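# Breakdown of the fold
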Amino acid sequence: MLSVPTLWTVFVINFLALGLIWAYVMRSYPSFEAARFWTGSAFVAAAGAALAMLRVVFPDSLVPLLFAGTALILAICLAAMGIRKFFNQPVSWRDTLLITGLGVAGLCFFTFVHDSVPARMTVFTIAQALPMLRSLKLLLSRHEGRVNPGARLAGIVTILIMAIFVARWIGAVTTIDGGGFSYMHFSPAQSVVILVLVFLSMALNFGFLLMAMDRLRNEVADLALLDDLTGVGNRRHLLQRLTEECARSERSGQPFALLVIDLDGFKGINDTHGHAAGDACLQHFTLMAQTRLRPGDMLARTGGDEFCIVLPSSTLREGAMIARRVLEVCRADAEQCAGNDIPIAVSIGVAQWAREMGAYPDRLIAAADHALYDAKKAGRNGFATYDPAPPLVPDPETRGLSDMGLRKRA
């Protein structure tokens, strides 16, 4: 059986190693705020285990265990705060201080006022399990339509840790003397429990690391689909979305619309006012256009001064309505320009997906480009719709003729 100092040393080294890992993550990714709480949790837990080792040096005093218990409760609260921060939930230091403070008060009472090992274990178990219970739902719930694999692992490990806490509490309260539970002289069963808790703490933090990796990977993927200047989707994102919409419409037969937008005279703006002014115009147009879009509509910049708007489940008429809204906000803004302000005018081509386009986004883009060309020819600062000519219908008198007969008659 391992000695008490050895087990607590393992605890200290384990949490110090985890703290160093999280400190590196925190420094490498400053915007990942959950890492701060998990770093603090690991180092506070290491401090708690180190304080518990003082029980060996001062066998007649329970003060080291009191401080160790306080540190371990605070460490779990910090870990729970990191989980809430990861899922963009509000973090309350008041709740953490309340749980820790009440836990300390209970431990002090059942240590100095009424010495009772079962009562101390009851307070200690409740104070540790409460923040874990509050975090469990977040770990196992779906977020953005999926369960984070690392969160699922952390949730399963949390359940196992809580089960061990409950089993340890039952062992402490089953007899008057606390079931033989002692931080000074571990039994073989207690040694196994400590080692299992060390392993589970490592597994829990590994789940946190998987959560962080999944979040960072998604952020990198999002950056690859966003335009650096305007923050809307780029051409790659547009093509992905159009491919999805084409496939959906091909299955359901439900149409959708596409707007292709070009800023009028943008080259002149760059030549006259400089590229910085041109970039400002692109950003300003992006903000104006987004105010006229509906939930679910997608604005993307395809390059230069060209933009596209995807309108799911929309007809050509609804697409024309959105185009008119975008034009109106641009015209109203241009009327208010004064001094060095640069008015923005746009031309818009509107097209609707048709079954003959199939799952090929380039056909829909070509149709909207054709409408945009018509809007440019009509004088710019307007919109045009793509309305393909209906197929030729043969005269009744020629329907019965063969192909050869039609050629002869032609």
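Let us look at the structure shown here. None of the values given here were measured: they were computed from a predicted structure.

## Notes on the overall build of the chain
Along the backbone of the chain there are 13 helices and five strands. In terms of overall size, the chain is more extended than a compact globule, its C-alpha atoms giving a radius of gyration of 33 Å where 410 residues would be expected to give roughly 22 Å. Overall, the C-alpha framework of the chain stretches about 115 × 65 × 30 Å when taken along its three principal axes. In the chain, buried positions account for 45% of the 410 residues. Accessible surface, the chain: about 21700 Å² in total, of which carbon and sulfur atoms supply 62%. Averaged over its 37 positive side-chain charges, the chain has a centre that lies 6 Å from the centre of its 34 negative ones.

## As for helix H4 (residues 93-113)
Helix length check: H4, at 21 residues, gives a terminal C-alpha distance of 29 Å against a target of 30 Å (1.5 Å per residue), a fit within 8%. If you check which residues of H4 are buried, you get Thr96, Ile99, Thr100, Gly103, Gly106, Leu107 and Thr111. The arc that holds the buried residues of H4, viewed along the axis, is 125°, so those residues lie on one side. Across H4 from its buried face, at more than 90 degrees, point the exposed residues Arg94, Leu97, Leu102, Phe112 and Val113.

## What about the environment of Thr315?
Mapped onto the fold, Thr315 is located in the loop between strand E3 (306-311) and helix H11 (316-335). Measuring from C-alpha to C-alpha, the distance between Thr315 and Leu258 comes to 9.5 Å, with 57 residues separating the pair along the chain. Among all residues touching Thr315, those that are not within four sequence positions of it are Pro255, Ala257 and Gln352.

## Observations regarding a nonpolar patch on the surface
Together, Val63, Phe67, Phe109, Phe112 and Val113 make up an exposed nonpolar region whose accessible area comes to about 500 Å². Mapped by element, the contributors of at least two residues to the nonpolar patch are helix H3 (63-86) and H4. If you tally residues by element for the nonpolar patch, the top one is H4, at three residues. Topologically, Phe109 is positioned in helix H4. With a relative accessible area of 40%, Phe109 lands in the partly exposed category.

## As for unusual backbone geometry
The phi dihedral of Ser313 is positive, around 50°, even though this residue is not glycine. If you trace the backbone, Ser313 turns up in the loop between E3 and H11.

Cut-offs and rules
- Residues numbered from 1 in each chain as written.
- Predicted model: local features only at pLDDT ≥ 70, side-chain atom pairs only at ≥ 80, totals over all residues.
- Heavy atoms only, no water.
- Helix = DSSP H or I, 4+ residues; strand = E, 2+ residues; numbered from the N terminus.
- Rg over C-alpha atoms; globule rule 2.2 N^0.38 Å.
- Buried < 20%, exposed > 50% of the residue type's maximum accessible area, 1.4 Å probe, protein only.
- Areas by Shrake-Rupley, 256 points an atom, 1.4 Å probe, with all protein chains shown as cover.
- Lys, Arg positive; Asp, Glu negative; His and termini not counted.
- Charge placed at Lys NZ, Arg CZ, Asp CG, Glu CD.
- Expected span 1.5 Å × (residues − 1).
- Arc of directions from axis to C-beta.
- Contact = heavy atoms within 4.5 Å.
- Patch = residues over 30% accessible without salt bridge, like charges linked within 9 Å, V, L, I, M, F, W, Y side chains within 5 Å.
- Salt bridge = Lys/Arg side-chain N within 4 Å of Asp/Glu carboxyl O.

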